[in-house]
Every structure is written in structure tokens, then in C-alpha cells.
Amino acid sequence: MILEKDLLRVLFVVPSRQGGGVMSFAYDEIESLRATGVLSEIFELETRLSVGRLWSQCRQLRRRIREFRPDLVHVHFGTLVAFLTALVATVPFVVTFRGSDLNPSWADGFFRNLTQKMMSHVTAFRAAGIICVSRQLNDRLWWCRKKVSVIPSGVDLVLFRPMGLISAREQVEWSLEGRVVLFNAGFSPRLKRLDLAEKSIDLLRGRGYSVRMEVLRGRVPHERMPLYMNAADCLLLTSDYEGSPTVIKEALACGLPIVSVDVGDVRERLEGVTLSSVVARDEQQIALALESVLSAGGRSNGRSHVVDLSDDKIAWKIRSVYERIAPSRKMSSQNIEHFKGAQR
């Protein structure tokens, strides 16, 4: 029998949902980690506040650490969220960098972009462990690579799975006619290069190809995303910068063909995947790739390429990072089998 006192205690710090963007992938990861024998609590840190309110948030976080008594703190995302955590953490902490916290994000303005990146690097210096979701992000931390683990975010293979196209279109109330390209603009259409995607689609239509682009703008509930993936004929990604885009792995799990620019870890994820293409950041090349994929029709073999990225497998890799920082909490092989058996 495994007692609560024997569980690894982790306090997770995530950006507040009040900021507009909901980091569903972070909450999914936390839930998966609980299934590995992690006893956890979540602290949502608000950042778009006055200096006085930020100080109050820091005091609340310090009090939560004192009361919960975690073995370590895991902060999801860099910039101000991680920086404030680094200021008040009284136990070792791990930070996961996901993309725009290390990559340029010029839509935020020069000064804010520079400040955010400086905060991320200061946090990395103080962190006991670092997780980067792609090798490209790891390269931005060349000065402290020894404490970096490259672990992409996992994907829920139960939720994201192939379904019938006609049924999916009926459920999202799309027409059954014509080809559909799915584009996830999220809350940052400029960073995601919606303009480039629109130009590419216009070129394709100019050639007489019947196609429309369905743009998702960050308000779609996570549990409905598989329906949109299965209702579409292709996913298009044209971002200037990415870490390890979750939408790519979710599309792979659904067997949705993909056309993407070479960004983040997309080239690695699409290696060996049929009916998918990595192209230059050029509307002509993107339009040609879309035409080729859409003309071929059908679904990709992507699901077989994300089996090792299932959320449960990724959770065990993250737990191994925790155990290097808190070796006294290393789980016995017998208990590992107990928890893995419960996941099956």
C-alpha cells in the first residue's frame, strides 16, 4: 500500500486563466503526472496587474508553498510567471519553457519582448531543472544545457483519435461540400501568420481549387478540438515561431494531413508521416503543398508517429526529472509497476 506521505509533492504554478489564454496542455500534463504518484496542487499566478497586486500574489504563493510543503515547485511557462516564482520559491523549482517565453514575440513590442526574455533567462539560471519542449528552445539556453531536458508536451490519444469526416462536419455544422483547411490562430494571429495562410489559400482558389479555410481563434473548448481535426481535410501551420506546437501532435493523433513551415520541432514530428509536408515560409510553396495534399485526399499515418508522445509516457519522463532533483522521492520499481498498471 502506498501512503500519502510517500508520494512526491509538487506545487504547479501556471499563468492565470484570466489572461485570456487557457493552457489546457499544462493542465492535461498535471493530471497525467498525478497518475504517476505525484501529489499536487495548482497555483494560478496573475501577471497583468499592478505592482501592489503582483506583490500580493507573491506573498500568496510563498504562503501556499509553506502550507503545502512541496518537494519542489514546477512552473509552466517562463517570463514574468517563472521570474516571480524564482523570487519567492523556498524549495527547488523546475521551469518548462514552451515557446514565446524564449522565442521572439515582436507582437508584444520591443521593450516588453526583451524584458520577458531576460526574465526567462534569469529564471533558467536559478532553476534546479529545466524542461524545453523542443531542441530549438534548448539551443536558446546553450549556456545552461546541462540541466535541460528536452521533453515535448504529450497528447491525449483517447480524446484525439480518428473519426468519420461526415459525422464530424455535421457536429461542427460545416458544409459537406468542398475541401477544408484548418488554421489555429489562437489568441496571436500575427505570430501565427494568419496573413500568410490567407494569401496561400487565395492563391489556391485562384487556380480554380474549391477550398475554404476555417480559422480557430482560441475560443474552442479543448474537448471539441478533435471534432474540428476530423472535420477538416488538412491542417495549416505558418507561425513565425513555435516551441513544440500541440496542434501538430493532436492533428497527427487524428490522422489529419498537415502542411507546415519549418518551425519549432515540426520537421522532427512529421518525419515519415504521409500526406504531410514541411515547406518554406512562402505563399507560393505553401499553396503548392496544400494542393498536393488535398488532391491526394485521405488521412495520414500520423497516429503511429505519436504513440511515444502519449500523455502518460511523457508524464513518466517528467517525473524522472523530478526524481533527479528530489532523489529521496525516487519511486521503487514495484511502485512504478503499480502506477503503470493502474494507467492501462
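What comes next is a walk through the structure. Numbers given to residues run from 1 along each chain, matching the order in which its sequence is written. Totals for whole chains, interfaces and linings use all residues, but because this is a predicted model, local features are given only for residues with pLDDT of at least 70 and pairs of side-chain atoms are given and counted only at 80 or more. Note that water and hydrogens are dropped before the side-chain values are worked out from all heavy atoms of the structure.

## Section: the sheet that holds strand S1 (residues 8–15)
Alright, step 1. For two strands to be treated as a pair, DSSP must find no fewer than two bridges joining them. Secondary structure follows DSSP: runs of H or I at least 4 residues long count as helices, runs of E at least 2 residues long count as strands, and numbering of each begins at the N terminus. A sheet is described by the order of its strands in space; here 6 strands give the open sequence S2-S1-S3-S4-S5-S6, paired in parallel fashion. Two strands lie at the open edges of the sheet, namely strand S2 (38–45) and strand S6 (148–150), each paired on one side alone. The average angle at which neighbouring strand axes cross in this sheet is 20 degrees, direction not considered.
Alright, step 2. As defined by bridge partners, strand S3 (residues 72–76) adjoins strand S4 (residues 93–97) across 4 bridges and the pair is classed as parallel. Its bridge partner being in S4, Val73 is matched across the sheet by Phe93. Orientation is described by axes fitted as lines to C-alpha atoms, over the contacting stretch for helices, and by angles from 0 to 180 degrees between their N-to-C directions.

## Some words on the pairing of S1
Side chains on a regular strand alternate between the two faces of the sheet.
Alright, step 1. Counting buried residues along S1, 8 of its 8 residues qualify, which places the element largely inside the surrounding structure.
Alright, step 2. Exposed residues in this analysis have more than 50% of their type's maximum accessible area, buried residues have under 20%, and partly exposed residues fall in between, with area computed by a 1.4 Å probe over protein chains only. Burial of S1 is two-sided: the residues Leu8, Val10, Phe12 and Val14 facing one way and the residues Arg9, Leu11, Val13 and Pro15 facing the other way are all buried.
Alright, step 3. The pairing of S1 with S2 spans 8 bridges and is parallel. In the strand pairing of S2, Pro15 is matched with Leu45.
Alright, step 4. Two strands pair when backbone bridges link them, and S1 and S3 are joined in this way by 4 bridges, in the parallel orientation. Across the sheet, residue Val13 finds its bridge partner in S3, namely Val75.

## Some points on the side chain of Glu242
Alright, step 1. Tracing the sequence through the fold places Glu242 in the loop between strand S9 (234–237) and helix H9 (246–254).
Alright, step 2. We call two residues in contact when some of their heavy atoms are within 4.5 Å. Not counting the four nearest positions on each side in its chain, Glu242 is found in contact with Asn103, Gln136, Lys192, Leu237, Val263 and Gly264.

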